Every structure is written in C-alpha cells, then in structure tokens.
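Topology and contacts: notes
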Amino acid sequence: MGSGCSNSLGRFENLNFECLILKIVLQFEFRINKDQSSFHNRLLQHDLEKNNSGKQDNTNFASSSSITAVPILHRTADEKILNSDRLTLERQNLTVCPVINGEEHLRLLNFQHNFITRIQNISNLQHLVFLDLYDNQIEEISGLSTLRALRVLLLGKNRIKKISNLESLQNLDVLDLHGNQIAKIENINHLSELRVLNLARNFLTNVENLNGLDSLTELNLRHNQITSMKDVDTLPCLQHLFLSFNNISSFDNILCLADSSSLSDITLDGNPIAQETWYKNTVLHHMMQLRQLDMKRITEEERRMACIAARKEEEKKRESHKQTLLKEKKRLTIGNIARQWEIQQNRVALVTSSNQDKKDSDSCQIDGSTTYAFPEETRSLDTILNNAVQGLSVLDSHLVEVEGDTLYLYGSGALESLDRNWSVQTAGTVTTISFMFIEFDEIVQVLPKLKIKFPNSVHLKFKETNIVMFQQFNALALVRRIEQLTVDPQGNPVVNFTLWKYYVLFRLNHFNLQKINGTEVTQNDVVMAERLFGILAYVASSELPQYRLLSLLGESRKKQFCYLLEAKRKKSGVFNEESNDSRRLGGENTSQATLNYTTRDLLAEKLEDIKERKQFCQTYMQDLVKEAADINMKNESLQKLWPQMFIELVRDAVIEIRNKNSYMKLCLQRIANQK
C-alpha cells in the first residue's frame, strides 16, 4: 500500500486516528505474510507501532435481562474522554457482539481473537469507519447495512463461505476476507472505492467478477487453488497482485495480466508455472511494465534478456503450432481420403451384388421368401455419403508426403506426383514407397516409373489397395527390383489366403526378395514355393502354342524368347542354356514370364475390341453370304430361261436373213447411223 494508503487515510480528521488505522491494516497483513518481510518494511510498520502502542480499554460488561443474555458494554467517563472514538475488545472470550449504548460516535471497533459467530448489535454505530473482527467464528456476513461510513472491514480467519450483504458499504476502502472458506468471488462489483482486497487462504479456483473495482490497487490471492484468471485487465488502478502458492500451470491461463497497464508488482512463486525454465522470461516479455516479480526488483538487463529469450520461445511455439496444424490437416485429409475410399468400395460392392442378383434371377427361379443380405460391415450408402460430404470442400482428396526414406501416397490422385520433377537428393533418399487407399489396378500403370524416378527404392507397401487375387502380384515384375514387400491385411483380402506368400516368392524371387511382411525369406521357403507353383507354371507355358506365348510375353520379350527357342534347337544342354538365357532375361524364366496380369480397365478394353471385331466379322460374313445367294439365284434363273432365249435368238436371226438384200441394206444403214 505505501504512499497510496497514506494519501487515502489522510482524509481522516486527525493524525492519531490515521496512524491507528494504518497500524491495524499493517498488523493483519503481517499475520498473513510473515515470510515476505521486505514487502512490509516498505510500509514502515516499526515506526507506526512505536508511535501508536495502543492499550486495551478497561471495560465493564453487564448481562442484559433478555433470555439470550447479551452482554451490555459500559465505559467510564474518563475512558470515553481518553479514547472517545475507538474501542478495543480483543481477547475477551466474547461469543456475541455486546450491546454498545451511548457510543454512537465510535469510529473504530476491534473484536479480534474472540468467539463471535454472528455480527449483530452494532447497527447504531453509524459513524463507524473501522471494524476488526479478525479471528472469530463468523459464518455469514450480515448486520452491516447501516454502517454506510465504514471504510475498513477486517473479517480474516473466520468461517465465511460466501461474500454477501455488502451492498450498503459503498465507501469501503479495505476488505480483508483471508483465511475463510470462500470458493467464488462475487457481489463486490459495486465497491468502486475499494483499494485493498485480501482473499488469501480461501478455496478459490478461478478469479473473475472483478468488474467495477475501479480503485483497487492491491489484490492478495495467496494460498488458494487458482488455475485461471480473467477481468484483471479491467482494473485500471491495480498495482500489486499476489498469486503465490496456487495451481497456475500455464501463462495462457493468466494472459489477461499482460493487458494490464497499471500492474507493477506481482508474485507467482509456489505455482507450477514458476518451475518452468521459460517462466521469468515469458512474464517479463508480456508484462513490460512490471517493476517487481516475486518480491525481487527487475533490472533493465533482465528485461532485455527476457525479450530475447521470449522472442526465441515465441518462434519455437509458432513453429510447433505450425507443425501441429500440418499434422491436424494431414489427419483430416487422410480421414477424408479414407471416407472416399470407403464410399468407392461400397459402391463397387453394391454394383457387384446387383449384377450377381441379376445373374441369379436369370439362371434360376428365386424363392419369394429369400432376400439378399448385405454384410454387417457394409453400411448404408446414404449414411456414408452424408458423413463424407462434411468438410470435403476444404480438404484434399489425396496426399503426398516424404518422411525420412519413405514416400507416402494417399489416394489415387497422389499417383500423378510421380510425374513431377523430383530433386536428385529427395529421389535418392527414397527407399520405401507406401500406397494407401489406391486401387491396385491404378498402381500397376505407374509401376514402371518407380525405378526411373526413385532408383534406390527396394521396399513396397500396400494398404487398402484392394489386392484380391494372386494374379495381381504378377504386375510387380514391372518394378524389376524388390527386396521387401509389405501387404497389409487391411483392405487386401488376398492376405487371407494361406499360400499367397509362396506365390509372391515364386513369381518375384528372381528379384532377390528378402522379406515379406517383415518376415525373412529362407531357402526352405524358396524350395516350397517352387514345388507349389513351379510345375503348374511350366505346364501352363509349355502347353501354349508359340504364337500365343509370344502374344502373352509382349513386344519387349519376343526377341529374347525367339533367341531362347533358337538356342534350344542348337544346343544339346537344354537346362544349362535355359539358365543362361534366364539370366539374360534378368533371372526370370519362361514359365514365370508368361504369368502376367491384365488390369480390369485394360481387360475391358480388350473385351470391347474383341466384341467390335466379332461384330465386324459377323456383318462381313453376312454380306458375303447375301451376295453369294443373289449370284446363285441369278444363275438358277438364267439356267431356266436360257433354252427359250436361245430359241428366240435363232428365230430372230433366221427371220432377219431370210431376204438377203433387205438384210444387207439394214446392216449398211446401221453402220451409216453409227458414223
């Protein structure tokens, strides 16, 4: 309080009364803050106690005639003259406030260290400005409505649970409620003249409802359970704020303090926040106006270093916040991609089921009581669509991310990123490529690009890629080098087949495959794979006609295959030569090379092309048959008409040449007409 308190108390009529009030205020502060002696030294307590060593009044009590036996106070005339405006009744073992008659002029009343449970019998003391009820057993604030002149109210160390009934104390200057059981700050917004508020050692968890305390300069909230604060920045005169020994763990919870322009002294020691390494620098950076922190004066050097450290901390927080936002965006994007993938898979399932039902209805008669049952995991398409629509306008439909040595591709749109110009350094560091929420048939189209774009890639991962049959693994031969293969069971039903690993090992073992789903490949695995699928693949390839085999192998392998056949005819050692030629083919033998995979789109195109050719051939043959039929019909008609026609021709010729002269003239005439 210091000079501020002296100026306020200077408004009283005489110097002795002023010093006495200040002494008592200092005494209650000293009781609560013994460990903070430097703070109280600035209030000059010693000098005030020396000059105002007040003595307890000699008083006489008489019992009233009422049933409750309320004591009645009597003072002699000499006592009234000696202490006309003050009365001290501390340590009198009082359980109730005595009736004080004829003392209406009292301005100071002291009931310290008694057993009073209720404030009463003082409503006639309308000139009272100082009331001390420290260390009693009061449970409720009451009986003060007539004390409109009261300036100092000391109710520390009682049993009060709620702040109430202070509406008439408009001129209150000091309010001490420390050491009670108060859990909430309330009903004090009208105390615009209040300068000192002491709520130490209560049960407060939040600081709020401080609006209207326009004159408050000191607020003591030590030893509570406070975790957050607000409204403190609305106090225009607040200078001293004591928050020691609470539960404040984050500066964000007391950020309103940074907006206070008047605050010059604050204590936060004893809080979890005070244990943080950034504590002092952060507080000083946000509260440049502070002069003291935790009872220690702040130097300019400390303030400068705090600004530098706080700036670095802010940069770290900003970067951390940025990374958090990126992670959250990534999470939401992946969630959106997963929803779109689920919608797509459910649509495919619905279409497949519909087609299957149609085929079943065409092939046999269905019992009317039988209905198609969707799988339990297949949700309503409308529900899926409604869930997926939310947030699609702000989220991406694919994601490309390089993390360490792994390239993550989420969603089919991510495959387009393989065509971008990757830096040599980035492309060289990628050894693992992970595909998620992408149809395997779409992945097949970009497999030849992987070795070109990422020459060091040796590990492929597939999750939610819809791998459903062994044939699809044949497409991985396009990569030309795989050391590790990971196929997640989620979204890849083929993993449920017992022999899938052996098939992969048989088809891709010439790539030096070392691990499948994290498990090391042993020589026994290789032998077992060859036993299971080697003979079947050989039979499939050897029974094919040569022209059919060439069409299966494709253009890139035709010359190599022809070279292989020619070598077999010339050399007697068929097995050794085949091995050499297999090495020329990159370790892939003929039976393996014939095991290819055609994607659904390409297969559909081929089927459509075959259909068009078939239709063309059918139309062409129909035209040929029709034309041949017409020719045959004309021939048959000619055979029937020819005898009669021949007779008529002979008859006309005989008639014409019957008269030789006339016939010659006619011929000459025809010749002349032609000229």
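As a starting point, this report considers the structure included with it. These numbers come from a predicted model, not from an experiment. (Residues numbered from 1 in each chain as written. Predicted model: local features only at pLDDT ≥ 70, side-chain atom pairs only at ≥ 80, totals over all residues. Heavy atoms only, no water.)

Ranked by size, the top nonpolar core spans 68 residues in total, and within it F111, L131 and M229 carry the most contacts. Broken down by element, this core gets its largest block of residues, three residues, from helix α6 (residues 279-286). Counting residues in hydrophobic clusters, the runner-up holds 45 residues, among them A427, V494, F506 and F533. (Core = buried A, V, L, I, M, F, W, Y, C linked by side-chain atoms within 4.5 Å. Buried < 20%, exposed > 50% of the residue type's maximum accessible area, 1.4 Å probe, protein only. Helix = DSSP H or I, 4+ residues; strand = E, 2+ residues; numbered from the N terminus.)

Here we take up the packing of aromatic side chains. Aromatic ring pairs are described here by two measures, namely the spacing of the ring centres and the angle between the planes. Overall, the coordinates contain 13 aromatic pairs when judged by the stated rule. Between the aromatic rings of W422 and F454, the centroid separation amounts to 5.3 Å while the plane-to-plane angle is 65 degrees, which identifies the pairing as edge-to-face. Of this pair, W422 sits in the loop between β18 (406-410) and α9 (424-429) while F454 sits in the loop between α11 (447-453) and β20 (459-463); the two residues are 32 residues apart in sequence, bridging distant segments of the chain. Across this residue pair, the class does not change: W422 and F454 are buried. Ring centres of F470 and Y503 lie 5.2 Å apart, and the angle between their planes is 15 degrees; this geometry places the pair in the stacked category. On the criterion of sequence distance, the pair formed by F470 in the loop between β20 and β21 (484-487) and Y503 in helix α12 (residues 500-508) is long-range, its members being 33 residues apart. Overall, F470 belongs to the partly exposed group, its relative accessible area being 21%. A relative accessible area of 8% places Y503 in the buried class. (Phe/Tyr/Trp six-rings, centres within 6.5 Å; stacked < 30°, edge-to-face > 60°.)

For the rest of this paragraph, the subject is a nonpolar patch on the surface. Judged by side-chain polarity, L638, L641, W642, M645, F646, L649, V650 and V654 come together as a nonpolar surface patch covering roughly 760 Å² of accessible area. Positionally, W642 belongs in helix α18 (residues 600-656). Residue W642 is classed as partly exposed on the basis of its relative accessible area, which comes to 43%. (Patch = residues over 30% accessible without salt bridge, like charges linked within 9 Å, V, L, I, M, F, W, Y side chains within 5 Å. Areas by Shrake-Rupley, 256 points an atom, 1.4 Å probe, with all protein chains shown as cover. Salt bridge = Lys/Arg side-chain N within 4 Å of Asp/Glu carboxyl O.)

Taken in spatial order, the seven strands of this open sheet run β17-β18-β19-β20-β21-β22-β23, and their pairing is mixed. Strand pairing shows two members of the sheet lacking a second neighbour, β17 (399-403) and β23 (519-520), which therefore form its edges. Both strand β19 (residues 432-436) and β20 contribute to a ladder of five bridges, which runs parallel. Among the inter-strand pairings, I433 is bridged to a residue of β20, identified as L460. (Pairing = 2+ DSSP bridges.)

Within this structure, the stated rule accounts for 10 salt bridges. Notably, a salt bridge pairs E401 with K330, separated by 2.8 Å at the nearest N-O pair. Here the residue E401 occupies a position in strand β17, and K330 occupies one in helix α7 (residues 300-363), the gap between them amounting to 71 residues. Between R481 and E483 there is a salt bridge whose closest N-O contact spans 3.1 Å. A network of salt bridges, in which partner residues are shared, links R151, D173 and R195.

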